[in-house]
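Residue-level listing of the chains:
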2 protein chains.
Amino acid sequence: MEHREFKDRLYTQFARLGHAVSTPKRLELLDLLAQGEKTVEQLAEQSCTAIKNTSAHLRVLRQAGLVDFRREGVYVRYRLADEYVAEFLLALQSLGRQRYSEVREVVDAHLERRDEMEPIGPAELRRRLAAGDVTLLDVRPADEFTAGHIAGAISIPVDQLTARAATLPRGKKIVAYCRGPYCVMAVDAVQLLRRRGYRARRLTDGVPGWRARGYPVVRGSRAS
Amino acid sequence: MEHREFKDRLYTQFARLGHAVSTPKRLELLDLLAQGEKTVEQLAEQSCTAIKNTSAHLRVLRQAGLVDFRREGVYVRYRLADEYVAEFLLALQSLGRQRYSEVREVVDAHLERRDEMEPIGPAELRRRLAAGDVTLLDVRPADEFTAGHIAGAISIPVDQLTARAATLPRGKKIVAYCRGPYCVMAVDAVQLLRRRGYRARRLTDGVPGWRARGYPVVRGSRAS
DNA sequence: CTAGTATTCTAGCGGATACTAGAATGAGGT
DNA sequence: ACCTCATTCTAGTATCCGCTAGAATACTAG
């Protein structure tokens, strides 16, 4: 077969992608980067990995063309190479959730309270935002909010929520979101808010899932 | 961090998927299986791999939950676990094409004649099929046609095309398709048909891409 | 220039895995 | 029961890769 070499080359290229996402740590790093640009140090801390190790994984991701970086002063900031990488990540996790009962079991075991959060989907939230009858709360760290948040959201990182909950309007329902369906911050936030008497629910997705639907995402530190 | 174990478990699961598609041979096997059920022997032959080796790769794919199998007499027939696996494959290859100039270069170098084939996309083909002004030709092996083909297509495997080309209607335009955008069979078919005076074009996609759009796919050995 | 910090590079170790060859299993046919 | 054939399992080897620690690089501040 004269086509052998062609096929080998072609599938070798595609396998670069597979190789890049064949490791738990790299998938976690990509998920973090889907929230926005981050330094090596931030990535290492947030993924509980040694910096050297993080750097090595980032090197692999860079060689696979999934991430890009730029120097900014002393720091090196990494980011996803483009939005299609984020979409691919979503597709991978979607297939994982579908094919692996272990994923569902692990998530249910750790976020067992999830069903009680009355999770709301992106489509319904969009309608409610348009109707203006919900307060949308981004509980991620402030820099991730700045890097990109759902239009109309206000930012209160979950570790400041105890102190700042009182600033939230009492009457309206609150919807909290965080990094994505496997992130605990929104779950914690909803639980905290409910204990204080707010009517709070959890968004099933994070910014990447919201953006993938073509819904509006805003950059900047202040929601209007 | 108490969540560490949760995250590790979760991303370890997702990494199973990545690991499964981190090898050229496994990607090639999945692509072949996207055409329909095949025996180990067929897969080994069509991927130019030793049977033992093929079996080992299929084992990995099985453990990753991407393929399923059943015994049928002496043979073991493998198939994709479900349609979402095929969609994921398409997503992976789409990102690969987008991110890797090597993919485009390799494809262009090997299928250099591709642009001359006046490739037609699925959406346009669908309109033309509805209008009834094209003959749709499936040039894959007969068993892949039987396992699933585009509604309205007729089957002439590319290696029988020389003998059977005369049965094609002269007046209508012909659109040929094969396994997908990286398969050479349709390119060869179009070239052969044009030398004989037919007006032939090539479909940019195969059955998996057609199906993923929700367009009609038919099983069975005869197109009506 | 020097000092300090963030990040990358290099080398070594241990575990995983792709490939190969030989043995074993499982189903059908005689 | 026996034989045949498709497939899988087991064992062995070479290779790759993830982790770790020490050295080197790149930038900033003074």
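Residues numbered from 1 in each chain as written. Chains lettered and ligands numbered in written order. Predicted model: local features only at pLDDT ≥ 70, side-chain atom pairs only at ≥ 80, totals over all residues.

Engineer: Tell me about the pairing of strand β2 (residues 67-72) of chain B, residues and numbers included.
Structural biologist: Here is the key point about a regular strand: its side chains alternate between the two faces of the sheet. All names here are of chain B. The pairing of β2 with strand β3 (residues 75-80) spans six bridges and is antiparallel. Each residue of the ladder has a partner; that of D68, found in β3, is R79. If you look at the hairpin formed by β2 and β3, you'll find two residues sitting between the two strands, and G73 has a positive phi there, around 65°. (Pairing = 2+ DSSP bridges. Helix = DSSP H or I, 4+ residues; strand = E, 2+ residues; numbered from the N terminus.)

Engineer: Lay out the protein's contact with DNA strand D with the relevant residues and their values.
Structural biologist: With respect to spatial proximity, 24 residues lie near DNA strand D, and among them B:T39, B:V40, B:E41, B:S55 and B:V76 are the closest. Of all the secondary structure elements, the ones that give two or more residues to the surface near DNA strand D are α4 (51-63) of chain A together with α3 (40-46), α4 (51-63) and β3 of chain B. Residue classes in the surface near DNA strand D are distributed as 11 nonpolar, seven polar and six charged. (Near = placed C-beta within 6 Å. Nonpolar A, V, L, I, M, F, W, Y, C, P; charged D, E, K, R; others polar.)

Engineer: I'd like a description of the packing of helix α5 (residues 83-99) of chain A against helix α5 (residues 83-99) of chain B, backed by residues and values.
Structural biologist: One way to put it is that α5(A) packs onto α5(B) with a least axis distance of 10 Å and a crossing angle of 160°. Regarding the angle of α5(A) to α5(B), the classification is roughly antiparallel. Crossing handedness for the pair α5(A) and α5(B): left-handed. Of the residues in α5(B), those in contact with A:Y84, A:V85, A:F88, A:A91, A:L95 and A:Q98 of α5(A) are B:Y84, B:V85, B:F88, B:A91, B:L92, B:L95 and B:Q98. Looking at side-chain class alone, the contact of α5(A) with α5(B) contains 11 nonpolar, two polar and no charged residues. (Axes fitted to C-alpha atoms, helices over the stretch in contact; angles between N-to-C directions. Parallel < 35°, antiparallel > 145°, perpendicular 65-115°, else oblique. Left-handed = near helix turned anticlockwise from the far one by under 90°. Contact = placed C-beta atoms within 7 Å.)

Engineer: Break down the interface of chain B and chain A for me, with residues and values.
Structural biologist: Every contact between the two is made by 43 residues of chain B and, on the other side, 43 residues of chain A. Elements represented by at least two residues in the side of chain B that touches chain A include exactly α1 (4-20), α2 (24-33), α5 and α6 (101-110) of chain B. Top contributing element to the side of chain B that touches chain A by residue count: α1(B), with 14 residues. Looking at side-chain class alone, the side of chain B that touches chain A contains 24 nonpolar, 12 polar and seven charged residues.

Engineer: Report on the relation of the copies chain B and chain A, specifying residues and quantitative values.
Structural biologist: Each copy of the sequence occupies a distinct position, and chain B is placed on chain A by a rotation of 180° and an axial shift of 0.0 Å, giving an RMSD of 0.0 Å. In the structure described here, the two chain copies are related by an operation that fits a two-fold rotation axis. Relative to the rotation axis, the closest C-alpha in chain B is found at B:G18, a distance of 2.5 Å. A symmetric contact is evident, with 100% of the interface residues of chain B recurring at the interface of chain A. (Least-squares fit on C-alpha atoms with pLDDT ≥ 70 in both.)

Engineer: Which residues make up the protein's contact with DNA strand C, and what values do they have?
Structural biologist: Not every one of the 24 residues close to DNA strand C is listed here, only the nearest: A:T39, A:V40, A:E41, A:S55 and A:V76. Residue classes in the surface near DNA strand C are distributed as 11 nonpolar, seven polar and six charged.

Engineer: Quick one: what's the story with the nonpolar core, residue by residue and with numbers?
Structural biologist: With 119 residues, the main nonpolar core has A:A176, A:A186, B:A176 and B:A186 as its most contacted residues. The leading source of residues in this core is α5(A), at eight residues. Contact partners of A:A176, with chain neighbours within four places excluded, come to A:L137, A:V139, A:A186, A:A189, A:V190, A:A200, A:R202 and A:L203. (Core = buried A, V, L, I, M, F, W, Y, C linked by C-beta atoms within 7 Å. Buried ≥ 20, exposed ≤ 12 C-beta atoms within 10 Å, placed from the backbone.)

Engineer: Give a detailed account of α2(B), specifying residues and quantitative values.
Structural biologist: Counted residue by residue, α2(B) has nine buried out of 10 residues, so it is predominantly covered. Turning to α2(B), its buried residues number three or more, namely B:P24, B:K25, B:R26, B:L27, B:E28, B:L29, B:L30, B:D31 and B:L33.

Engineer: Describe α5(B), naming the residues involved and giving the relevant values.
Structural biologist: Under the 1.5 Å per step criterion, the end-to-end length of α5(B) is 25 Å for 17 residues, consistent within 8% with the ideal 24 Å. Residues B:V85, B:A86, B:F88, B:L89, B:L90, B:L92, B:Q93, B:L95, B:G96 and B:R99 constitute the buried set of α5(B). Packed against the buried residues of α5(B) are α1 (4-20) and α5 of chain A together with α2, β3, α6 and α11 (207-212) of chain B. (Expected span 1.5 Å × (residues − 1).)

Keep in mind these numbers describe shape, not what the thing actually does.
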